[in-house]
Amino acid sequence: MREPILVSACLLGLRTRYDGTTKRNATVLAWLEQQQLLPIPVCPEQLAGLPTPREQTRFASGDGQAVLTGTGAVEAVATGQPMTERFLHGARETLRIARLTGCRCALLKERSPSCGVHQIHRGMEMVTGVGVTAALLIAAGIAVQSETDLPPAG
């Protein structure tokens, strides 16, 4: 039986990104096959009830770890609408799926305000940090990596 792994749905080719597109990643698909893992697709923002397409979001302050401690904030880029609670809800639903499916690891989309593992957008800058879902999964003991951590396909 193949071990389950949470995977950002956009990396698998599903049109779940804020702009309704995909970030299908051949390296991710090849790695999952090579490792004989069972991908469990998740999109924390859709799990939060946000539509696709949806307004682009970024961190107004902090990162995912700061959001978990109540000191960070996520907001919609164009309108400034607070999105922190929605992102927390999506992160909790993603963790629920991890627990239901027995996932002990996750492969998430880098730079996403939900899924970023090493980098996120804060304001108009790319900075070191983690997304809200990545932070919650890490806090729950789930091993998290991004597509940038994988060896090149070949």
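Described in the following lines is the structure provided in the data block. (Residues numbered from 1 in each chain as written. Predicted model: local features only at pLDDT ≥ 70, side-chain atom pairs only at ≥ 80, totals over all residues. Heavy atoms only, no water.)

Thoughts on the nonpolar core
Stage number 1. Judged by nonpolar contacts, the single largest core of 30 residues is most densely connected at Leu-6, Val-74, Ala-106, Leu-108, Val-132, Leu-137 and Val-144.
Stage number 2. Elements that contribute at least two residues to this core include exactly strand E2 (37-42), strand E4 (73-76), helix H4 (84-101), strand E5 (105-108) and helix H5 (132-139).
Stage number 3. Counting residues in hydrophobic clusters, the runner-up holds twelve residues, among them Leu-12, Val-28, Leu-32 and Leu-107. (Core = buried A, V, L, I, M, F, W, Y, C linked by side-chain atoms within 4.5 Å. Buried < 20%, exposed > 50% of the residue type's maximum accessible area, 1.4 Å probe, protein only. Helix = DSSP H or I, 4+ residues; strand = E, 2+ residues; numbered from the N terminus.)

Considering the pattern of salt bridges
Stage number 1. With the rule as written, the count across this model stands at five salt bridges.
Stage number 2. A salt bridge links Glu-45 to Arg-54; the shortest N-O distance between them is 2.9 Å. Side by side, Glu-45 and Arg-54 carry an identical accessibility label, which is buried.
Stage number 3. The closest approach of N and O atoms between Glu-93 and Arg-96, which form a salt bridge, is 3.2 Å. (Salt bridge = Lys/Arg side-chain N within 4 Å of Asp/Glu carboxyl O.)

Some remarks on unusual backbone geometry
In most cases, non-glycine residues show a negative phi, while peptide bonds are predominantly trans.
Stage number 1. Omega for the bond connecting Thr-52 with Pro-53 falls within 30 degrees of zero, at -5°, which places this linkage in the cis form.
Stage number 2. Considering the arrangement of structural elements, one finds Pro-53 in the loop between helix H2 (44-47) and strand E3 (57-61).
Stage number 3. A positive phi angle, near 55°, is found at Gln-36, a position not held by glycine.
Stage number 4. In this structure, Gln-36 sits in the loop between helix H1 (26-34) and E2.
Stage number 5. Overall, the relative accessible area of 55% leaves Gln-36 in the exposed class.
Stage number 6. With phi around 75°, Arg-111 is a residue other than glycine that occupies positive phi space.
Stage number 7. Mapping Arg-111 onto the fold places it in the loop between E5 and strand E6 (119-122).

A word on H1
Stage number 1. Those residues of H1 that fall on the buried side of the exposure criterion are Val-28, Trp-31 and Leu-32. Taken down its axis, H1 places every buried residue within 100° of arc, on the same side. Exposed positions of H1 whose direction lies more than 90 degrees from the buried face are Ala-26, Glu-33 and Gln-34.
Stage number 2. With a side-chain oxygen lying 2.9 Å from the backbone nitrogen of Thr-27, the N-terminal cap of H1 falls on Asn-25.
Stage number 3. One or two steps after H1, the chain reaches Gln-36, where phi turns positive at roughly 55°. (Arc of directions from axis to C-beta. Polar contact = N/O pair within 3.5 Å; in protein donor to acceptor, adjacent residues only side chain to side chain.)

Topic: the sheet that holds E2
Stage number 1. Reading across the sheet, the four strands line up as E2-E1-E5-E8 and stay open at both edges, with parallel pairing between neighbours. With partners counted over all chains shown, the strands left at the sheet margins are E2 and strand E8 (143-146), one partner each. Across the sheet, the mean angle from the axis of one strand to that of its neighbour is 30°, orientation sign disregarded.
Stage number 2. With six bridges connecting them, strand E1 (residues 3-8) and E2 associate as parallel partners. Bridge pairing in E2 places Ile-5 opposite Pro-39. (Pairing = 2+ DSSP bridges. Axes fitted to C-alpha atoms, helices over the stretch in contact; angles between N-to-C directions.)

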